[in-house]
Amino acid sequence: MAEFKIGRLDGQPPRIRNVPIAVTPEGFWCCPSQAALQKTAKSPNQQGRPRGGASPAPSKASSVQRAPTISSEKRAQSTPARSRTNSDEQICPPAEAIAAPDPPKVAPAPAHEKRPKQHKISVGFGQLGSSDLKVVLYGKEGVAVKMIVHKNILAENSTFFADRISRQSPVSCIEVPDCEDVEIYVETVGLMYCKDVKQRLIRQNVPRVLRILKVAESLGFRACIMSCLDYLEAVPWVGDEEENVVTSIRQLNDEDHRADPLLKRVTSDVLTNPPNDTLAHIIDLVLKSSEDRGRREMKSLVLKLFKENNNICTTNGSSSADSSCVTTLYSCFQNCLDSLLALFRQASDPEVLAEQSSDDKEQMFRKITLEADNLLWLAEILSDRHAADELTVIWSSQGELAELHPKIPVMHRHLVSCVSARLLVAVGKGEALPSKETRRRLLDVWLQPLMDDYRWLQHGCRWFDRTVVEDGVGQTILTLPLGDQQAVLLAWLGRFLKAGDGCPNLQRAFEVWWRRTFVRPYAEQPGSSSGRH
């Protein structure tokens, strides 16, 4: 804590103020933030004595020690950095040091008493006795900062100051109007006096380094720019910091590609490492996994990431990468389907089952469950991406698989019916737009197996949503011509009257078909009216 004399506007003797400052080994002090200046402004009616208690801690971004309390007569000899104010304001530590309280409400000053409109601060760097240049920053809210600096230091480190000094020789003062970030500007100039800028930045955080980088680029402070880039390349990014870093880096005038190592954290060379090759490898790893927990969690994660990113596997895009991604998913689906059909053939063959041990049978049924689960996962991804048109064609053509379906125990085959249900929901929601023939064939082949497994699906699958499935199946039926609707719904009605709750409840679709069949023809006859009975 150093003591400074503050001039009085009323002509009274100056008072001694305790001003908290942060002294660094390089001998400079970072300017307090403008918010801190405004929040700690004191009324002229308040007493000038300092408050008791411990002084606030200096900013961790700029200080490693604090100067002891000394008299105003000896401050020039005891500390290499100093600060003065020309207004009746008390300087506070940087905003990062403490959370400043809300400013107190004070009564307006008397009309005859004039208060200064500008907060003036003087900051010195290095050996003040040898300084030969003043730089005045004019910031927001009437803040003006005078920096006492050295021409050779600024010209050596900054192309901006080197140009100003050479054009205005001899020059004793440089003014910088409309300074957007006075606090960081002062700190960046102070970094010119450091032997190791990177070591100074290690105490900072990512948002502050981005601010320093912006000022350093405007000053042409190359050493600071490189140190900021090295810091950002090595430090972890948390939350929104990644987008802020990438945006700031791409705004740099980086003609010599100094930021390339940093951007490699978020971008890769697509020529040597195509994203779709990596995606295919990830999908293949998940599909081949047999560890239940890891498989389940990674399927959930990958599915979530697909849903969050609309740029992956979208059929609306024109890029070859999108088409390749869809092709990869369809290829995986076909491989799983071929494997499932082969397993169904084995499991439904009495001679094969007779030759297998109980362990072999258990292993075979487990593979059936895994492959059916794989098909359901891929169908979910493609349906959610509105890319399942071809998938409905493939699935509706699996007549052999549907014939073998009743020969497999329901506890192992029910996930196959889940695939049928998911595709019917996709058609019913408009996520897939197959042809009329495909929609009818899909119902003819797979609706009956779905009804056979429906009771198990309701009680054996925790994630199974009966309402969604029934609505999807009903809407798919209603997309058919009226005669096809009648054939499908009458077949359903006979099954529903026997099975009851063990069958999909398609009553809403049945009502729509009824009105289309028995009400609309008479309502559309000439001379008919809604009020005639």
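Criteria and cut-off values
- Residues numbered from 1 in each chain as written.
- Predicted model: local features only at pLDDT ≥ 70, side-chain atom pairs only at ≥ 80, totals over all residues.
- Heavy atoms only, no water.
- pLDDT = per-residue confidence, 0-100.
- Contact = heavy atoms within 4.5 Å.
- Core = buried A, V, L, I, M, F, W, Y, C linked by side-chain atoms within 4.5 Å.
- Buried < 20%, exposed > 50% of the residue type's maximum accessible area, 1.4 Å probe, protein only.
- Helix = DSSP H or I, 4+ residues; strand = E, 2+ residues; numbered from the N terminus.
- Arc of directions from axis to C-beta.
- Polar contact = N/O pair within 3.5 Å; in protein donor to acceptor, adjacent residues only side chain to side chain.
- Pairing = 2+ DSSP bridges.
- 1 Å grid on protein atoms, 1.4 Å probe; cavity = no way out; pocket = protein on both sides within 12 Å on 5 of 7 lines; lining within 4 Å.
- Points joined across faces, edges and corners; volume = space filled by probe spheres on them.
- Nonpolar A, V, L, I, M, F, W, Y, C, P; charged D, E, K, R; others polar.
- Salt bridge = Lys/Arg side-chain N within 4 Å of Asp/Glu carboxyl O.

**Some thoughts on the confidence of the model for the chain**
Point 1. For the chain, per-residue confidence averages 77 on the pLDDT scale, and 72% of positions sit at 70 or higher.
Point 2. The low-confidence segment residues 1-9, where pLDDT is below 50, has 45 contacts with residues more than four positions distant or belonging to other chains.
Point 3. Confidence drops under pLDDT 50 across residues 314-319; counting only partners more than four residues distant or on other chains, this segment forms five contacts.

**Focus: the nonpolar core**
Point 1. Residues Trp377, Leu378 and Trp395 are the most contacted members of the largest nonpolar core, which totals 76 residues.
Point 2. When near neighbours in sequence (up to four residues on either side) are disregarded, Leu378 contacts Ile283, Leu287, Leu329, Cys332, Phe333 and Cys336.
Point 3. Judged by nonpolar contacts, the second largest core, of 52 residues, contains Cys194, Val206, Ala216 and Leu229.

**Examining helix α4 (residues 159-167)**
Point 1. Of all the residues in α4, the buried ones are Phe161, Arg164 and Ile165. Buried residues of α4 fall within an arc of 95° about the axis and therefore sit on the same side. Counted as exposed and oriented over 90 degrees from the buried face of α4: Thr159, Ser166 and Arg167.
Point 2. Structurally, α4 contributes buried residues whose contacts are with β5 (133-138), α3 (151-157), β7 (173-176), α5 (182-191) and α7 (206-219).
Point 3. Backbone nitrogen of Phe160 and a side-chain oxygen of the N-cap are separated by 3.3 Å at the start of α4; the cap is Ser158.

**A short note on the pairing of β7**
Point 1. A one-sided burial pattern is seen for β7, the buried positions being Ile174 and Val176 and the unburied ones Cys173 and Glu175.
Point 2. Bridge count for β5 against β7 is four bridges, and the pairing is parallel. Paired with Leu137 across the two strands is Val176, which belongs to β7.

**Considering the environment of Arg515**
Point 1. If you trace the backbone, Arg515 turns up in helix α23 (residues 507-523).
Point 2. What makes Arg515 partly exposed here is its relative accessible area of 47%.
Point 3. Residues in contact with Arg515, not counting those within four places in the same chain, are Arg520 and Pro521.

**Digging into the layout of surface pockets**
Point 1. The volume enclosed by the largest pocket comes to roughly 1,300 Å³.
Point 2. Around the largest pocket sit 34 residues that line it, and Arg296, Asp373, Leu376, Leu415 and Trp463 are the ones nearest its centre.
Point 3. Taken together, the elements giving at least two residues each to the lining of the largest pocket come down to α12 (292-308), α15 (358-384), α18 (410-429), α20 (454-460) and α21 (466-478).
Point 4. Ranked by residue count, the leading element in the lining of the largest pocket is α18, at nine residues.
Point 5. Taken together, the residues of the lining of the largest pocket break down into 16 nonpolar, five polar and 13 charged.

**Focus: the pairing of strand β6 (residues 143-149)**
Point 1. Counting buried positions along β6 gives six out of seven residues, so the element sits mostly inside the fold.
Point 2. The pairing of β5 with β6 spans six bridges and is antiparallel. Looking at β6, one finds that Leu137 is bridged to Val145.
Point 3. Count of turn residues in the β5/β6 antiparallel hairpin: four residues, of which Glu141 carries a positive phi of about 55°.

**Section: the pattern of salt bridges**
Point 1. Under the criterion given, the structure shown has 23 salt bridges.
Point 2. One salt bridge in this structure joins Glu183 and Arg211, with 3.5 Å as the shortest N-O distance. In this pair, Glu183 is assigned in helix α5 and Arg211 in helix α7, connecting sequence segments 28 residues apart.
Point 3. Look at Arg211 and you get partly exposed, because its relative accessible area is 30%.
Point 4. Note that Arg422 and Glu380 form a salt bridge whose closest N and O atoms lie 2.7 Å from each other. Taken as a pair, Arg422 in helix α18 and Glu380 in helix α15 lie far apart in primary sequence, 42 residues in all. Both residues of the pair, Arg422 and Glu380, belong to the buried class.
Point 5. In the salt-bridge network here, residues are joined through shared partners; they are Asp181, Glu183, Glu187, Arg208 and Arg211.

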